[in-house]
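Next come the chains, spelled out residue by residue.
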Amino acid sequence: MIADLHIHTRYSHDSFMDPARVVRVARMRGLSAIAVTDHNTIRGGLLAREANPGGDFEVIVGAEIRTEYGDVLGLFLDREIAARRFDDVVEEIHAQGGLAVLAHPYRRYPSPERLAGRVDLIEGFNSRSRRQANALSMRFGRASGKGTVGGSDAHTYAEIGRGVTIYAGNEIEKALRAGQTAGEGRESNYYVVHGLSCGIERLKRLVPGRG
């Protein structure tokens, strides 16, 4: 089974994607599950879950929270995360029964190795990271003994499914909690996708309410 566990929608400051369309595109691309992880909010995830017809496809409500050490993905959330300090964010995620994922460890974290014991999973593959950073992340995940996950970090529809989490069986939450997952995928063009996000962010600032 294949899931993309890092996707943004228009509820992030740098994406225009509609949550319902994200679900449709992901299903068309043969994914079995997605996590919608907008910046600092679960609003996109809640709408994507509402738009999901169910059956053999699952939508996980999540968020990507910026902390002093870098970004943390919270998965299986039902309330907004108010904290912004790393330890407090992880504590809030766990208080909801969620899972904390160290996102793209070698993109922003100064020393990600010291944080491994505080989270549940490592994002081993992120399509918006450079190849060298992903190689380091996968090695870090194996060395830490944590399960690794993969995600596209999609901010545009073309990116959905480029980074994925592989798991066995039909219960992704069970596989994630057991650490029985692996991340893999294809890197996007780093400069193109990040340039697009910067452009979208500027446009949203210029035209309030757009998206």
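Going by the structure above, here's the rest.
Owing to the predicted nature of the structure, the values given are computational and were not obtained by experimental measurement.

**Student:** Report on helix H3 (residues 86–95), specifying residues and quantitative values.
**Tutor:** For H3, every residue scored as buried is listed here: Phe 86, Val 89, Val 90 and Ile 93. Buried residues of H3 fall within an arc of 95° about the axis and therefore sit on the same side. Seen from the open side of H3, the exposed residues pointing more than 90 degrees away from its buried face are Glu 91 and Ala 95. Where the residues of H3 are buried, they touch strand S3 (58–66), strand S4 (71–75) and strand S5 (99–102). In the segment just after H3, Gly 97 is the residue with positive phi, at about 80°.

**Student:** Lay out the sheet that holds strand S1 (residues 2–7) in plain terms, naming residues and giving numbers.
**Tutor:** Strand order in the open sheet formed by nine strands is S7-S6-S5-S4-S3-S2-S1-S8-S9, with mixed pairing between adjacent strands. A strand with exactly one partner marks an edge of an open sheet, and here the two such strands are strand S7 (147–151) and strand S9 (181–185). Strand-to-strand twist in this sheet, taken as the mean axis angle between neighbours without regard to direction, amounts to 30°. Here strand S2 (residues 33–39) pairs with S3 via seven bridges, running parallel. Pairing of Ala 35 across the sheet is with Ile 60, part of S3. Along the sheet, helix H2 (residues 43–51) makes contact with S2 and S3, crossing S3 at roughly 175°. The sheet contacts of helix H5 (residues 131–144) involve S5, strand S6 (121–126), S7 and S9, and relative to S6 the element is tilted by about 155°.

**Student:** Requested: an account of the nonpolar core, with residues and values cited.
**Tutor:** Counting 20 residues, the largest nonpolar core has Val 72, Phe 86, Val 89, Ile 93, Leu 102 and Val 119 as the members making the most contacts within it. Elements that contribute at least two residues to this core include exactly S3, H3 and S5. Those residues in contact with Val 72 that lie beyond four places of it in its chain are Ala 63, Glu 64, Ile 65, Thr 67, Phe 86, Val 89, Ile 93, Ala 100, Val 101 and Tyr 109. Membership of the second largest hydrophobic core comes to 17 residues, among which are Ala 3, Phe 76, Val 101 and Ala 175.

The rules behind these values
The numbering scheme is per chain: residues are counted from 1 as the chain's sequence reads. Only residues with pLDDT of at least 70 are given local features in this predicted model, and only at 80 or more are side-chain atom pairs given and counted; all residues enter the totals for whole chains, interfaces and linings. Values shown for side chains rest on all heavy atoms present in the structure; no hydrogens or waters enter the calculation. Using a 1.4 Å probe on the protein chains alone, a residue whose accessible area is under 20% of its type maximum counts as buried, one over 50% counts as exposed, and one in between counts as partly exposed. Only DSSP runs of H or I covering at least 4 residues are called helices, and only runs of E covering at least 2 are called strands; the numbering of each starts at the N terminus. Arc definition: directions from the helix axis to the C-beta atoms. Two residues form a contact once any of their heavy atoms are found within 4.5 Å. Strands are treated as partners if at least two bridges between them are detected by DSSP. Here the axes come from fitting lines to C-alpha atoms, over the contacting stretch only for helices, and the angles between their N-to-C directions go from 0 to 180 degrees. Joining through side-chain atoms within 4.5 Å is the link that ties buried Ala, Val, Leu, Ile, Met, Phe, Trp, Tyr and Cys residues into a set, and such a set is a nonpolar core.

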